[in-house]
Amino acid sequence: MRAVTVAPGTANSLELIEDYPEPAAEEGSILVESLAIGVCGTDHEIISGEYGEAPPGERRLVLGHESLGRVLEDPTGTLQPGDLVAGIVRHPDPVPCPNCAAGEWDMCRNGRYTEHGIKALPGFARERWRIQPPYAVPLDRALGQVGMLLEPTSIVAKAWDHIERIGQRAVWQPKIVLVTGAGPIGLLAALLAAQRGFSVHVLDLATSGPKPELVHALGATYHSVPVHDLDFEPDVVLECTGAPTVVLEVMCKAAPNGIVCLAGVSSGGRTIDFDAGALNRSLVLENNVVFGSVNANRRHWELAADALRRADPLWLNSLISRRVPVSGYADAYTSGPDDIKVVLEFAV
Ligand SMILES: [Zn+2]
């Protein structure tokens, strides 16, 4: 069967293998036919050789962690043939650490977790894959065109879960949410904010292309100005750019008792001149919280599946900039200027 693979650590080793072996029985009892795979920045980092790890004893890694498939067989009876399913990306570390032992692999403390298509487990960019029932998340049949958005949505479902837990430390009546960055993660974070009934603002550099319209369609306000020029103080910020200046400015911009969730990964290596004392003063005197958030556990995947089920299918579909058949796989992994989410299609 066909599989999209790389040799981790070797730049530009992307290759479609035509005779990749069928998934091994020990990968899981549920056999799934791959429908589509979402492509994201992590895939680009793996292809450039900066990131990624092949399974033990293998040289190549199958890509793909944003999955959508259709169940072919499930002898456990957990799912039925024909059901739509997505595979949870991260598996707990073998020790396991206290968090992984409690099913909180997103909070793994020792870094020995594994991840499909990223770290030591084959990905979902192959015609068929297998998964164990605890890692198979069922999707509403109406999500047959956009179910590969479940993985990025799980990331923002976790961010919102932690924001709301932190908010419970005192009386908390948030009204204004600022999302910085209108890529897939930022737009899905804004979707979940809109579903909660907040006044939602999204800030991004782009002044043309699809982003402003996608934001307006959520009933949210689009801004293309520096953070310090915004004329409001957000109660909640979801920072999805990882751009150092934006990260620092949103920390200063948050309202009293504000919560800033950092969900963008910076590349690092660049220093900027900044008054750290003034930031500390503002965080302390306003009881502000800044925290980082990555990955998601099964509870968040289920929250995400519910959020997608309640979203406008046309809006979700408009996040998909291009759908590329697997025969043209290289195009799916080349970024276009107005791309939001590119999808590699195996079967439809
Ligand atoms: Zn762990």
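See the structure printed just above.
Note that this is a predicted model, so its numbers are computed, not measured. (Residues numbered from 1 in each chain as written. Predicted model: local features only at pLDDT ≥ 70, side-chain atom pairs only at ≥ 80, totals over all residues. Heavy atoms only, no water.)

Participant: For this particular structure, what's the right way to read the overall build of the protein chain?
Facilitator: Counting secondary structure elements, the protein chain contains 10 helices and 19 strands. Computed over the C-alpha atoms, the radius of gyration of the protein chain is 20 Å, within 12% of the 20 Å expected from 2.2 N^0.38 for a compact globule of 348 residues. Each of the three principal axes of the protein chain carries a C-alpha extent, and together these read 60 × 45 × 40 Å. Per-residue burial over the protein chain gives 52% buried out of 348 residues. At a minimum sequence separation of 6, the contacts of the protein chain that also span at least 24 residues come to 70%. Summed over all atoms, the accessible surface of the protein chain reaches about 15,200 Å², with 52% contributed by carbon and sulfur. For the protein chain, the distance from the average site of its 28 positive side-chain charges to the average site of its 43 negative ones is 4 Å. (Helix = DSSP H or I, 4+ residues; strand = E, 2+ residues; numbered from the N terminus. Rg over C-alpha atoms; globule rule 2.2 N^0.38 Å. Buried < 20%, exposed > 50% of the residue type's maximum accessible area, 1.4 Å probe, protein only. Contact = heavy atoms within 4.5 Å. Areas by Shrake-Rupley, 256 points an atom, 1.4 Å probe, with all protein chains shown as cover. Lys, Arg positive; Asp, Glu negative; His and termini not counted. Charge placed at Lys NZ, Arg CZ, Asp CG, Glu CD.)

Participant: Where do I start with the coordination of the zinc ion in this structure?
Facilitator: Only Asp 93 (OD), Cys 97 (SG), Cys 100 (SG) and Cys 108 (SG) from the protein coordinate the zinc ion, and they sit 1.9 to 2.3 Å from it. Each of the 4 donor atoms bound to the zinc ion contributes to angles spanning 98 to 122 degrees, and the resulting shape is tetrahedral. Mapping the donors of the zinc ion onto the primary sequence gives the spacing D-x3-C-x2-C-x7-C. You can see Asp 93 sitting in the loop between strand 7 (90-91) and helix 2 (98-101) and its partner Cys 108 sitting in the loop between helix 2 and strand 8 (114-116), a full 15 residues away along the chain. For the pair formed by Asp 93 and Cys 108, the shared burial category is buried. (Donors = N, O, S within 2.8 Å, 3.2 Å for Na, K, Ca; no water. Tetrahedral: all angles 85-135°; square planar, octahedral: opposite > 155°, others 65-115°.)

Participant: Just to check I follow, could you spell out the pattern of salt bridges for this structure?
Facilitator: One side chain can pair with another of opposite charge once the charged atoms of both are near each other. Taken as a whole and assessed by the stated rule, the structure comprises 19 salt bridges. The partner of Arg 2 in a salt bridge is Glu 127, and the shortest N-O contact between them spans 3.7 Å. Separated by 125 residues along the polypeptide, Arg 2 in the segment before strand 1 (3-6) and Glu 127 in the loop between strand 9 (120-121) and strand 10 (128-131) bring together distant segments of the chain. Between Lys 211 and Asp 204 there is a salt bridge, with the nearest N and O atoms lying 3.4 Å from each other. When its relative accessible area of 10% is taken as the criterion, Asp 204 is described as buried. (Salt bridge = Lys/Arg side-chain N within 4 Å of Asp/Glu carboxyl O.)

Participant: Help me understand helix 7 (residues 276-285) in this model?
Facilitator: Think of an α-helix as turning once every 3.6 residues; residues three or four places apart then point the same way. Between the side-chain oxygen of the N-cap and the backbone nitrogen of Gly 277 there are 3.2 Å, and the N-cap of helix 7 in question is Asp 275. Looking one or two residues past helix 7, Asn 287 carries a phi angle of roughly 55 degrees, positive in sign. (Polar contact = N/O pair within 3.5 Å; in protein donor to acceptor, adjacent residues only side chain to side chain.)

Participant: Which parts of the structure should I look at to understand the packing of helix 6 (residues 244-253) against helix 7?
Facilitator: To describe two helices that pack against each other, one gives the angle between their axes and the distance between the axes. Helix 7 packs onto helix 6 with a crossing angle of 40 degrees between their chain directions and a minimal axis gap of 9 Å. Judged by the inter-axis angle, helix 6 sits oblique to helix 7. Considering the relative orientation of helix 6 and helix 7, their crossing is left-handed. Within the contact between the two elements, helix 6 uses Leu 248, Met 251 and Cys 252 and helix 7 uses Leu 279, Ser 282 and Leu 283. Classifying every residue of the contact of helix 6 with helix 7 by side-chain character gives 5 nonpolar, 1 polar and no charged. (Axes fitted to C-alpha atoms, helices over the stretch in contact; angles between N-to-C directions. Parallel < 35°, antiparallel > 145°, perpendicular 65-115°, else oblique. Left-handed = near helix turned anticlockwise from the far one by under 90°. Nonpolar A, V, L, I, M, F, W, Y, C, P; charged D, E, K, R; others polar.)

Participant: When you look at the sheet that holds strand 4 (residues 61-62) in this model, what are you seeing that I'm missing?
Facilitator: Sheet strands pair by backbone hydrogen bonding; their relative direction is either parallel or antiparallel. Pairing is antiparallel across the open sheet formed by 3 strands, whose spatial order is 2-1-4. The outermost strands of the open sheet, each flanked by one partner alone, are strand 2 (15-17) and strand 4. Pairing geometry for strand 1 and strand 4, over 2 bridges, is antiparallel. Counterpart to Val 6 in the pairing with strand 4 is Leu 61. (Pairing = 2+ DSSP bridges.)

Participant: Looking at this structure, I do not really get unusual backbone geometry. What am I missing?
Facilitator: Most of the time, phi is negative for any residue but glycine, and the peptide bond is trans. Here Val 95 and Pro 96 are connected by a cis peptide whose omega angle stands at -20 degrees. Checked against the element boundaries, Pro 96 lands in the loop between strand 7 and helix 2. The backbone of Asn 287 shows a phi angle near 55 degrees, a positive value even though the residue is not glycine. Residue position: Asn 287 is located in the loop between helix 7 and strand 17 (289-292). The partly exposed category is assigned to Asn 287, whose relative accessible area is 45%. Unusually for a residue other than glycine, Asn 295 sits at a positive phi of about 60 degrees. Position of Asn 295 relative to the elements: it lies in the loop between strand 17 and helix 8 (298-310). When its relative accessible area of 8% is taken as the criterion, Asn 295 is described as buried.

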